[in-house]
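The chain contents come next:
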Amino acid sequence: MLRLTDIRLPVDHDGRALKEAVALALGLRPDEILDISIFRRAYDARKKSAPSFVYTLDVSVSCGDELLINKGLAPNVSKSPYREFEFAPKARPGLALRPVIVGAGPCGYFAGLALAKMGFNPLILERGKPVKQRAADTFSFWKKAVLDPESNVQFGEGGAGAFSDGKLTTRIKDRQFIARKVLFELVNAGAPPEIAFVSKPHIGTYKLMGVVENLRKAILSLGGEIRFTARVEELVIKDGAICGVRLADGSLVESKTIILAVGHSARDTYEMLHRLGVALEPKPFSMGLRIEHPQALINRQQLGSNADNPLVGQADYSLVHHASNKRTVYTFCMCPGGKVLAAASEKNALVTNGMSQYARDDVNANSALVVGVEPADYPPGPLGGMEFQRQWEQKAFELGGGNYFAPAQLVGDFLAARPSSGAGAVTPSYKPGVRFAELASSLPGYIIEAIREAIPVFDRKIKGFAMPDAVLTGVETRTSSPVRILRDETGQSLTVKGLYPAGEGAGQAGGILSSAVDGIKAAVKAAEKMNREGE
Ligand SMILES: Cc1cc2nc3c(=O)[nH]c(=O)nc-3n(C[C@H](O)[C@H](O)[C@H](O)COP(=O)(O)OP(=O)(O)OC[C@H]3O[C@@H](n4cnc5c(N)ncnc54)[C@H](O)[C@@H]3O)c2cc1C
């Protein structure tokens, strides 16, 4: 196969135009092109009057790749590095105990899928409920402000990303094409096919729920087992090696191979790990506020005359500002046409996040505006960052009035350091509701200062970003894990043999795609160990 990069075509081109462009780039006739597979399609809006798609393609030709390569090719043509990732190794017959995975988020489900495909019959233990029941509990929280600490935006089948924009971008290096494998598996499970190649793929909440159910069915059909409302309360460790887990109902599950994929909100689990002496360290993360603007404003500013072009879709943005107090402010998890979410998992605490549906057709654009927090900013010890998050989440809960309403402020008032009394042109989307207040005390002073400085700077990049009626909602604290569970090059905990900490909760990934990839890598390493040791 040949790899062609930088093939540019107008956004409304047809399939023939792509073949003709490929033939031209290779100096061949269109009928000599046997197959074109789109590896990546990016959108280039630099010329707002004539935006284009920019393709990276894998192409088969009738005259043979080698012939063309030997002939000498244009700089944008090379031998394709792409090789489909295969799940290996296969389970050796007669293994006594099956592997256990704790957590049914992207990391746990992809570890489960990989182990099931390799023939290891994994058992997945998930503290929350199946995704539909979980959705009912979560929607009820958003409507009635009654939080179920075991079934919410953070906990339950599908993990933290189940109610999200389902953005599938990652910055990890993917030399083995595992991320691509994840995208293909998601398409097999019902995700929109274009996620496999567009440069900013996303699935959206409702579609994601169906995808999660289909992943479950795939794991079960391959010999896996999944138990819901099965919270792991304690690891059972003997002589520095794992031999099982004890569940909240007191039962024991024996296994010498445990993949711990518990996400960044399993605070009780972190406490248990710390108590048992599992090697942990504090980790930087970010905290801040969510900002909401009219999506039409963002489209106009980012897309110009293409603001309403359905082929282009809703505009997003990504902004960074290095503030004079030496803190960096950046936009995070921007959700075009979406909603700000109540994402708490602990009683009497408040957490925001964002989501959108596949169509991204809600009226507001939202994004977190966050500032990096280092271990030096919070109390010492592996769990200092977790306690710090909790402290600010509880403070926001109080500021919101103690009923899961979020504290909110208009941007104009925030910049002028005066409290807001109600919404203007932008209706806040957060449910169960917001209470207008002063956000200055909702976060450490250095975060508020840095965000106050950044908003007018961002307004110079996107005119209207500092519109006085834009809404700020507090507080965004769960941007990534505040703890890292240390592991060695075999993927096992530094202190407990057979324990494979993985995904976002282990501080080893950030986001749906990278957590899924880390789950697969952990599964392959665990499989190799089980085959080697015969247990
Ligand atoms: C509202 C929201 C929107 C997001 N949007 C995006 C997005 O658009 N794109 C993106 O890339 N990322 C997004 N993220 C982040 C993304 O969801 C996470 O990075 C990802 O889910 C991490 O995967 P994970 O499997 O490592 O952990 P999680 O998804 O957190 O899964 C961990 C699972 O373990 C279970 N668990 C925890 N403790 C125990 C225990 N003791 N016993 C049994 N089970 C346990 C939990 O219930 C949970 O289901 C979003 C997150 C949220 C909350």
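Residues numbered from 1 in each chain as written. Predicted model: local features only at pLDDT ≥ 70, side-chain atom pairs only at ≥ 80, totals over all residues. Heavy atoms only, no water.

(A) Expanded view of the overall build of the protein. Each helix and strand counted, the protein has 12 helices and 23 strands in total. Here the protein has a C-alpha radius of gyration of 24 Å; the compact-globule value for 535 residues is 24 Å, and the two agree. Counting only C-alpha atoms, the protein reaches 70 × 65 × 40 Å along its principal axes. Looking at the protein as a whole, 56% of its 535 residues qualify as buried. Carbon and sulfur atoms form 53% of the exposed surface of the protein, whose accessible area is close to 21300 Å². If you average the places of the 65 positive and of the 57 negative side-chain charges in the protein, the two averages end up 1 Å apart. (Helix = DSSP H or I, 4+ residues; strand = E, 2+ residues; numbered from the N terminus. Rg over C-alpha atoms; globule rule 2.2 N^0.38 Å. Buried < 20%, exposed > 50% of the residue type's maximum accessible area, 1.4 Å probe, protein only. Areas by Shrake-Rupley, 256 points an atom, 1.4 Å probe, with all protein chains shown as cover. Lys, Arg positive; Asp, Glu negative; His and termini not counted. Charge placed at Lys NZ, Arg CZ, Asp CG, Glu CD.)

(B) Quick look at the layout of surface pockets. Here the second largest pocket is characterised by a volume of approximately 820 Å³. Along the walls of the second largest pocket sit 23 residues, with Leu-311, Val-312, Gly-313, Gln-314 and Arg-360 positioned nearest its centre. When residues of the lining of the second largest pocket are assigned to their parent elements, the largest contribution, 3 residues, is made by strand 2 (residues 33-44). Of the residues in the lining of the second largest pocket, the class split is 13 nonpolar, 5 polar and 5 charged. (1 Å grid on protein atoms, 1.4 Å probe; cavity = no way out; pocket = protein on both sides within 12 Å on 5 of 7 lines; lining within 4 Å. Points joined across faces, edges and corners; volume = space filled by probe spheres on them. Nonpolar A, V, L, I, M, F, W, Y, C, P; charged D, E, K, R; others polar.)

(C) Seen up close, the nonpolar core. Among the nonpolar cores identified, the biggest contains 114 residues, and Leu-186 and Ile-259 are the most heavily contacted of them. It is helix 12 (residues 512-533) that provides the largest number of residues to this core, a total of 11 residues. Mapping this core onto the domain boundaries places at least three of its residues in each of domain 2 (100-281 + 481-533) and domain 3 (284-476). Among the nonpolar cores identified, the runner-up in size contains 27 residues, and Leu-123, Ile-242, Met-272 and Met-386 belong to it. (Core = buried A, V, L, I, M, F, W, Y, C linked by side-chain atoms within 4.5 Å. Domains from an automatic or database assignment.)

(D) Inspection of the sheet that holds strand 20 (residues 434-436) at higher detail. Pairing within the open sheet is mixed, and its 7 strands lie in the order 14-15-18-13-21-19-20. At either margin of the open sheet sits one strand with a lone partner, and together these are strand 14 (320-322) and strand 20. Here the average twist between neighbouring strands, direction ignored, is 30°. Pairing of strand 13 (residues 285-294) with strand 21 (residues 471-476), which is carried by 5 bridges, proceeds in the antiparallel orientation. Paired with Leu-289 across the two strands is Gly-474, which belongs to strand 21. Against the sheet, helix 9 (residues 384-399) touches strand 13, strand 18 (364-373), strand 19 (406-410), strand 20 and strand 21, its axis set at about 35° to strand 13. (Pairing = 2+ DSSP bridges. Axes fitted to C-alpha atoms, helices over the stretch in contact; angles between N-to-C directions. Contact = heavy atoms within 4.5 Å.)

(E) Representation of the packing of helix 3 (residues 106-117) against helix 6 (residues 205-221). The contact between helix 3 and helix 6 brings their axes to 9 Å, and the two run at 30°. Classified by the angle their axes make, helix 3 and helix 6 are roughly parallel. Classified by chirality, the crossing of helix 6 by helix 3 is left-handed. Together, Tyr-109, Phe-110, Gly-112, Leu-113 and Ala-116 of helix 3 and Val-212, Leu-215, Arg-216, Ala-218 and Ile-219 of helix 6 make up the contact between the two elements. A per-class count over the contact of helix 3 with helix 6 returns 8 nonpolar, 1 polar and 1 charged. (Parallel < 35°, antiparallel > 145°, perpendicular 65-115°, else oblique. Left-handed = near helix turned anticlockwise from the far one by under 90°.)

(F) Here's a closer look at the site of the ligand. Residues in contact with the ligand amount to 38 residues; listed here are only the nearest, Glu-126, Ala-160, Gly-161, Glu-504 and Ile-512. Interatomic distance of 2.6 Å between a side-chain N/O atom of Glu-126 and an oxygen atom of the ligand. With respect to the ligand, the backbone of Arg-127 contributes an N or O atom lying 3.1 Å from a nitrogen atom. Isolated, the ligand exposes 1000 Å² of accessible area, and the fraction of that covered by the protein chains is 96%. Listing elements by their share of the shell around the ligand, those giving two or more residues are helix 3, strand 17 (352-356) and helix 12. In the shell around the ligand, the residues fall into 17 nonpolar, 15 polar and 6 charged. (Near = heavy atom within 4 Å. Polar contact = N/O pair within 3.5 Å; in protein donor to acceptor, adjacent residues only side chain to side chain.)

(G) How the structure looks around the domain arrangement of the protein. What the domain assignment lists for the protein is domain 1 (2-79), domain 2 (100-281 + 481-533) and domain 3 (284-476). Taking only C-alpha atoms, the centre of domain 1 and the centre of domain 2 are 38 Å apart. At the interface, 6 residues of domain 1 touch 6 residues of domain 2. Both faces considered, domain 1 and domain 2 share a buried interface measuring about 580 Å² in area, 56% of it formed by carbon and sulfur atoms. Connecting domain 1 to domain 2 are 0 salt bridges. (Buried area = accessible area lost by both parts, 1.4 Å probe. Salt bridge = Lys/Arg side-chain N within 4 Å of Asp/Glu carboxyl O.)

(H) Broad picture of the side chain of Asn-531. Assignment of secondary structure puts Asn-531 in helix 12. Judged by its relative accessible area of 14%, Asn-531 is buried. At 2.8 Å, the side chain of Asn-531 and the backbone oxygen of Lys-90 are in polar contact. Not counting residues up to four positions away in its chain, the partners in contact with Asn-531 are Pro-89, Lys-90, Ala-91, Arg-92, Leu-95 and Phe-120.

(I) Structural detail: helix 5 (residues 178-188). Counting buried residues along helix 5, 8 of its 11 residues qualify, which places the element largely inside the surrounding structure. Buried residues of helix 5: Ile-178, Ala-179, Arg-180, Lys-181, Val-182, Leu-183, Glu-185 and Leu-186, and no others. Each element contacted by the buried residues of helix 5 is listed here: strand 2, helix 3, helix 6 and helix 12. Directly after helix 5, the chain includes Gly-190, whose backbone phi takes a positive value near 110°.

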